[in-house]
Number of protein chains: 2
Amino acid sequence: MSKVIANMSMSLDGFIADPDDGIDQLFGWMGNGDVEVPTAVDWATFRMSPASAAYMREAMAGVGALMTGRHLFDITHGWGGTHPLGVPVVVVTHEPPADRPHADTFTFVGGVKEAVERAKQLAGEKDVVIASSKIAQQCLDAGLLDAISVDLVPVLLGEGVRWFENLSRTSVRLGNPTVIEGNGVTHLAYSVTGTS
Amino acid sequence: MSKVIANMSMSLDGFIADPDDGIDQLFGWMGNGDVEVPTAVDWATFRMSPASAAYMREAMAGVGALMTGRHLFDITHGWGGTHPLGVPVVVVTHEPPADRPHADTFTFVGGVKEAVERAKQLAGEKDVVIASSKIAQQCLDAGLLDAISVDLVPVLLGEGVRWFENLSRTSVRLGNPTVIEGNGVTHLAYSVTGTS
């Protein structure tokens, strides 16, 4: 059964980027080990601890489609046409680019509910992963999120972009996480069990 | 060697209390198990999962003194005169209560640096634990914090009091945590390794 999973690397104080959208202090665990994890693109090969590599391989094998927002699409320049995970990407935006770049990979959808439906179609039996703080929040508020997968990084950033900044629901209950201990990261996978 | 450790129960989105200082959704793990952990007071006995009970017994045995702020002292009414951990408490405040209540337990000190010195004297070989978001931040800013011990609770509160809200340092590096998986909590113990 396909699940909708929010996934981000997050500092212990809840930030997913510094004030300038920088992620250097949060993504170090993807390159601090000896185990190579190839991606769908030549320009990105992970080198991780054994534990993170095993976790990442399993996570990558389970992903059927990604959802993101227009901001991340823009600052990554559409990942050059192919996302490292090699799956279709649904970009949630009311302002799609006029030229509809890389139409084989990117679908532009206006609303979060329609975007989840489209991503699930694209993912088939596999999971939909949301790589965007705002889209994850909107899905959580709309009751569309099944799980939250946190790559918790041992750093306090003090300022920046928070993952869960503007939840309209106060109190979202999660299950006990599965825990995988990497180097420079603790992988915590939670299911969303209830909201109030 | 005595360490200065900040310890709090924290939601996955970084809150240590709801907007009304409520902690019901964060302290459930202290009462959701079968293993009794007695405290120094009759009115508080923990009932925890086996993993959390073992963790708590070890943590309690290592604590020689507590540090907190005036706010927590006030809203708990000075824990009725004895803190559940049964150790001396240093309250950091520039406005000590005129009657100096329970002077055998509580010491009131004006500055965070002097408070850490006093708490270390009281703790002897044991550790100083800081149970206050503001005091922990001040110690971190002053370079006085050795470790951060997070009882990470699987809930998103969306609003409330954040543990690390006003750090003056941007970027505090931590070591890989030791991880203990409880029920309704994941215990993560980090050392503070560097600041910038």
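Residues numbered from 1 in each chain as written. Chains lettered and ligands numbered in written order. Predicted model: local features only at pLDDT ≥ 70, side-chain atom pairs only at ≥ 80, totals over all residues. Heavy atoms only, no water.

Under the annotation held in an unreviewed UniProt entry, chain A carries the name Dihydrofolate reductase family protein and is attributed to Actinomadura vinacea.

**Q** When you look at helix α3 (residues 112–123) of chain A in this model, what are you seeing that I'm missing?
**A** One full turn of an α-helix is made of 3.6 residues, so residues set three or four places apart face in the same direction. All names here are of chain A. Taking 1.5 Å per residue as the helical rise, α3 with its twelve residues ought to reach 16 Å, and the 16 Å between its terminal C-alpha atoms agrees with that figure. Looking at the buried side of α3, the elements it contacts are β1 (4–11), β5 (63–69), β6 (89–92), β7 (106–109), β8 (127–130) and α4 (133–141). After α3 finishes, the residue glycine 124 shows a positive phi value of roughly 65 degrees. (Helix = DSSP H or I, 4+ residues; strand = E, 2+ residues; numbered from the N terminus. Expected span 1.5 Å × (residues − 1). Contact = heavy atoms within 4.5 Å.)

**Q** Looking at this structure, how should I read the interface of chain A and chain B?
**A** It is common to give the size of an interface as the accessible area lost on bringing the parts into contact. Taken together, the contact between chain A and chain B spans 35 residues of the former and 35 residues of the latter. Where chain A abuts chain B, roughly 2800 Å² becomes buried across the two surfaces, and 57% of that area is made up of carbon and sulfur atoms. Looking only at chain A, the three residues that lose the most surface to chain B are Leu12(A), Pro154(A) and Leu156(A), adding up to 23% of its buried area. A salt bridge links Glu165(A) to Arg162(B); the nearest nitrogen and oxygen atoms lie 3.2 Å apart. On the surface where chain A and chain B come into contact, there are 16 residue pairs in polar contact (both at pLDDT 80 or more). Secondary structure elements with two or more residues in the side of chain A that touches chain B: β9 (147–153), β10 (155–156), β12 (172–174), β13 (178–181) and β14 (186–195) of chain A. Of the residues assigned to the side of chain A that touches chain B, the class counts are 19 nonpolar, ten polar and six charged. Of the pairings in the sheet, the one linking β12(A) to strand β10 (residues 155–156) of chain B comprises two bridges and is antiparallel in character. What sits directly across from Arg173(A), in β10(B), is Val155(B). (Buried area = accessible area lost by both parts, 1.4 Å probe. Salt bridge = Lys/Arg side-chain N within 4 Å of Asp/Glu carboxyl O. Polar contact = N/O pair within 3.5 Å; in protein donor to acceptor, adjacent residues only side chain to side chain. Nonpolar A, V, L, I, M, F, W, Y, C, P; charged D, E, K, R; others polar. Pairing = 2+ DSSP bridges.)

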